[in-house]
Amino acid sequence: MKKLNLIFVLIFIQTFSFGQDLTQTIRGIVTDKQSQFPIPGAKIFIQNSDPLIGAITDFDGSFEIKNAPIGRLTLEIKFSGYETATVPNQELKSGKELVINIGLEESIELLDKVEVTFKEDKKEAINKMATVSARTISTEEAGKFAGTLNDPARMAQNYAGVSGVSDDRNDIIIRGNSPLGVLWRMDGIDIPSPNHFSTLGTTGGPISMLNINNLSNSDFFTSAWSADYGNALSGVFDLRLRNGNNAKREYLAQVGFNGFEFGAEGPFSKKSRASYLINYRYSTLGVMSALGIDLGVGTAVPQYQDLTFKMNFPTKKAGKFTLWGIGGVSYIEFAAPGELDSTNLYSDPNEQTAFRSRTGVIGASHKYFFNQNTFSELILAGSITNTIGQGDTLSSDGDAFNVFGFDRAQRKLSANYKINHKINAKNTFAIGAIAEHYATNIKDSAYVYGDYRIIAKNNGNALLLQSYINYQHKFSEKLLFNGGLHTQHFLLTESHAVEPRVGFKYSPNARHTFSVGSGLHSQIQPITVYFIEDESTDQTTFPNQNLGFTKAVHNVLGYDLQISENMRLKAEVYYQYLYEVPVDSFASNFTMLNQGAGFELPNGTAYQNSGTGTNYGLELTLERFFNQGYYFLFTTSLFDSKYTGSNNIERNTAFNGNYIFNLLAGKEFNLKRNLTLSFDLKTTYAGGRRYTPIDLVSSQMANTEILFEDQLFEAQHQNYFRFDFKTTLKHNGKRVNQEFSADLQNLTNQQNIFQQGYNANTGTIGTVYQRGFFPNVQYRINF
């Protein structure tokens, strides 16, 4: 009993010891930004520290700063011949060491000229070849911003050009494009949708498998990206898993909306710099549902779990090896309510459905430096995606009758090899090749006109080959050129694509930057589309295997004004022309550009590459980066998104919301030496979801929903509005830091319309609303 009391006393002291001067260690690596080679002898110090606290990098570019004071701090990094860098407002916690990797730009001016200083900030992408429409997504922002659910995809919805007016899913809708056009990449490999309850071929889902506790800062592109990315039309999310701490074992425990989590990281041994990182998460939504919290799924309870890991093995002569993986499983079952359920965003009133999914990716890489200016990197990976579902329709007497089922699996083997060479301070190029082999197993069936029919059944294989070259030239400190060429060859359909990319950036002075970017981008269709059988003949045929790439030309003009050291205004105008889009071979409104924001993909067999589309708009961003305890971010997008189907009629796309405004802000208060309280808010106001009106009279006569097809997506639901408010309390103990937050989403309980549908039982049109007030409470501890 005395020992137990002593434990509670120690916990109390750790939690409420406000008066101590706590310190922690900062460690990391300094590299050349273009060659990525370590820089020995660089000086790193904490600004405004007295006496000066700092360190010097050793032979492999690594550094360690011990006894740094807990709290917010700014690092400054200097090395002769390179531009001085500052990394502002890093949060140092008592329960976790700060590990930070810094890339320095070699100066192209003479060394005896005035010293140039640049600040590491989020307006610049990590990828050095990015010119326009690119930004770094920081893990701190994903955890700080209100309404994100710690989801990088929902985090991206705060930025200009991205629409986030659906509470049910985290689809990334960029500049009016379908979310099918988004490419997910992790540690150099293109991966399937990293979401629970996602279906094969889509890119979004209700709940993310990504865990910000395991991610490093990542790049997000919304147009005209560099040539090392392919097979995408609308955007690229280039994710990076962080390495575990290679000097100290650390642990994390967390509970909240995303689940119960436990993570561990550290060195494999004290003698080695090899490290591991692992995190496991299990769903807590059953608990939240029992408390009466509206999850948007009616009475159904989602179940899911996921695992993420990374192991890093640096060597002295053989290069660096890594092994990483992410995987998750999920399941949900909907009972048929018999009437339209306004709290269920996913199920039909007369259907009961069950859905199961699993996704897994495992990868390995080897990075080798031939010399200080040249390195090669080989990445190998395998992935699996499997979705299984079935649906039953209720008869008038309540009996269930099976009407459809599906079992879709995709296995993919991937390889990415590149060589990067820095010629000198002005010139850098990279060349690479990507190979992806798809193996599919698809079986879709449905009850049609009194008989069960196989809609799609195939065990197929397909190979996509890509190659690219990137080149960067710095004419001066003011003018930068990025150019490249990407090629693709899809062997299944014998389709080819050659895609040039070009961009210029001009900064006449430190305050003004002008940029222009243009590129051709191509993408294959969702892999399931190619294996849909044509049942109109006695022979088994796959007409969609005649489809080629969908293509898009992106053009962007940008202007960036640095109003002050921590505030900037950015504007971009863009025009995108999409062509060779799959549409029906007969006159209709169908286009592939309207697909991808749900759980089903089209299953037609008469598609041809003759459709077109256009997207154009203006985007503004006014941003104050976190400094002196507060930040704000205001973004607005004014856009128009149209398409033309095989009937040659131009119409709105399903994603043409026309406008969206976001305002985010936050303030952090230091209550006591080791205790902080922060408040964050987010407001979104946007054009409502597009929909096709229901022909009520015809629906009543047919006893099923009939739409006004000649008014496809002409109507728009009421404007979307949501206000989120988050409060966070952080405390640093001697060896432990704790964080408690309450993210009150849709605080005003605004009823935003999700969809309307015809109810055959009542003969009326019912309305389903998006998620109402939703409190997300979270607790995290690092030790």
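Read on for an overview of the structure. Since the structure is predicted, the reported quantities are computational estimates derived from the model, not experimental observations.

### Comments concerning the overall build of the chain
Inference 1: Broken down by element type, the chain carries five helices and 44 strands.
Inference 2: For 783 residues, the compact-globule formula gives about 28 Å, and the C-alpha radius of gyration of the chain, at 27 Å, lands near that figure.
Inference 3: Per-residue burial for the chain yields a buried fraction of 57% across its 783 residues.
Inference 4: When the accessible surface of the chain is summed, it comes to about 32300 Å², and 57% of that surface belongs to carbon and sulfur atoms.
Inference 5: Looking at the chain, you have 69 positive and 74 negative side-chain charges, and the mean spots of the two groups are 11 Å apart.

### Let's talk about the packing of aromatic side chains
Inference 1: Enumeration over the complete set of coordinates arrives at 27 aromatic pairs.
Inference 2: Residues Y471 and F481 carry aromatic rings whose centres are separated by 6.5 Å and whose planes lie at 55 degrees to one another, so their mutual orientation is tilted. Taken as a pair, Y471 in strand β27 (residues 451-474) and F481 in strand β28 (residues 479-490) lie far apart in primary sequence, 10 residues in all.
Inference 3: For Y471, a relative accessible area of 32% corresponds to the partly exposed category.
Inference 4: Each ring, one from F590 and one from Y607, has its centre 4.9 Å from the other, and the planes form 10 degrees; the classification is stacked. Here F590 is found in the loop between β32 (567-584) and β33 (607-627), whereas its partner Y607 is found in strand β33, with 17 residues between them in sequence.
Inference 5: Look at Y607 and you get buried, because its relative accessible area is 10%.
Inference 6: Here the aromatic cluster, defined as three or more aromatic residues joined through ring pairs, consists of F37, F369 and F375.

### Some details on the pattern of salt bridges
Where side chains of opposite charge bring their charged atoms close, a pairing between them can arise.
Inference 1: Summed over the entire model, instances satisfying the criterion amount to 43 salt bridges.
Inference 2: In this structure, D58 engages R273 in a salt bridge whose closest nitrogen and oxygen atoms are separated by 3.5 Å. With D58 in the loop between β3 (54-56) and β4 (62-69) and R273 in the loop between β19 (259-267) and β20 (275-282), this residue pair connects regions lying 215 residues apart in the sequence.
Inference 3: By relative accessible area, which is 27% here, D58 ends up partly exposed.
Inference 4: Where R154 meets D151, a salt bridge forms, and the shortest distance between an N and an O atom there is 3.1 Å. Of the two residues, R154 and D151, neither departs from the other in class, the shared state being buried.

### Notes on the pairing of strand β40 (residues 720-732)
Inference 1: One ladder, built from 12 bridges, connects strand β37 (residues 675-686) with β40; its direction is antiparallel. Each residue of the ladder has a partner; that of Y685, found in β40, is F721.
Inference 2: As paired elements, β40 and strand β41 (residues 737-745) share eight bridges and run antiparallel to each other. Its bridge partner lying in β41, T728 is registered against S741.
Inference 3: Hairpin geometry of β40 and β41 is characterised by an intervening segment of four residues between the two adjacent antiparallel strands.

### Re the side chain of N214
Inference 1: Considering the arrangement of structural elements, one finds N214 in the loop between β15 (207-208) and β16 (218-221).
Inference 2: Relative accessible area serves as the criterion here: at 2%, N214 is assigned to the buried category.
Inference 3: Other than its neighbours up to four places away in sequence, N214 contacts L241, R242, L277, N279 and T308.

### Focus on the environment of F531
Inference 1: Relative to the helices and strands, F531 resides in the loop between β30 (512-523) and β31 (550-564).
Inference 2: Between the C-alpha atoms of F531 and L323, which are 208 residues apart in sequence, the distance is 33 Å.

### Comments concerning the sheet that holds strand β7 (residues 98-104)
Inference 1: The mixed open sheet is built from three strands, whose spatial order is β4-β1-β7. The sheet is open, and its two edges are formed by β4 and β7, each paired on a single side. Within this sheet the neighbouring strands show an average axis-to-axis angle of 25 degrees, counted without direction.
Inference 2: Relative to β4, strand β1 (residues 23-32) is paired through six bridges, and the arrangement is antiparallel. Paired with T23 across the strands is P69, a residue of β4.

### Some words on the sheet that holds β16
Inference 1: With mixed pairing, the five strands of this open sheet are ordered in space as β9-β16-β17-β12-β13. The open sheet has two edge strands with one neighbour each: β9 (134-137) and β13 (189-190).
Inference 2: Strand direction decides the pairing type here: β16 and strand β17 (residues 235-239), joined by three bridges, are antiparallel. Paired with D219 across the strands is D238, a residue of β17.

### Some thoughts on the nonpolar core
Here is a general trend for soluble globular proteins: nonpolar side chains tend to be buried in one another's company.
Inference 1: I172, W184, M186, F220 and F237 are the most contacted members of the largest nonpolar core, which has 32 residues in total.
Inference 2: Listed in part, the 27 residues of the second largest apolar core include A552, L578, V581 and F590.

### Side note on the side chain of R281
Inference 1: Mapped onto the elements of the fold, R281 is located in strand β20.
Inference 2: Within the structure, R281 has its side chain in polar contact with the backbone oxygen of S208 (distance 3.0 Å).
Inference 3: Of the polar contacts made by the side chain of R281, one reaches the backbone oxygen of M209; its length is 3.1 Å.
Inference 4: Excluding anything up to four places from it in sequence, R281 contacts S208, M209, L210, N211, N258, G259, F260, E261, Y304, Q305 and D306.

The rules behind these values
Residues numbered from 1 in each chain as written. Predicted model: local features only at pLDDT ≥ 70, side-chain atom pairs only at ≥ 80, totals over all residues. Heavy atoms only, no water. Helix = DSSP H or I, 4+ residues; strand = E, 2+ residues; numbered from the N terminus. Rg over C-alpha atoms; globule rule 2.2 N^0.38 Å. Buried < 20%, exposed > 50% of the residue type's maximum accessible area, 1.4 Å probe, protein only. Areas by Shrake-Rupley, 256 points an atom, 1.4 Å probe, with all protein chains shown as cover. Lys, Arg positive; Asp, Glu negative; His and termini not counted. Charge placed at Lys NZ, Arg CZ, Asp CG, Glu CD. Phe/Tyr/Trp six-rings, centres within 6.5 Å; stacked < 30°, edge-to-face > 60°. Salt bridge = Lys/Arg side-chain N within 4 Å of Asp/Glu carboxyl O. Pairing = 2+ DSSP bridges. Contact = heavy atoms within 4.5 Å. Axes fitted to C-alpha atoms, helices over the stretch in contact; angles between N-to-C directions. Core = buried A, V, L, I, M, F, W, Y, C linked by side-chain atoms within 4.5 Å. Polar contact = N/O pair within 3.5 Å; in protein donor to acceptor, adjacent residues only side chain to side chain.

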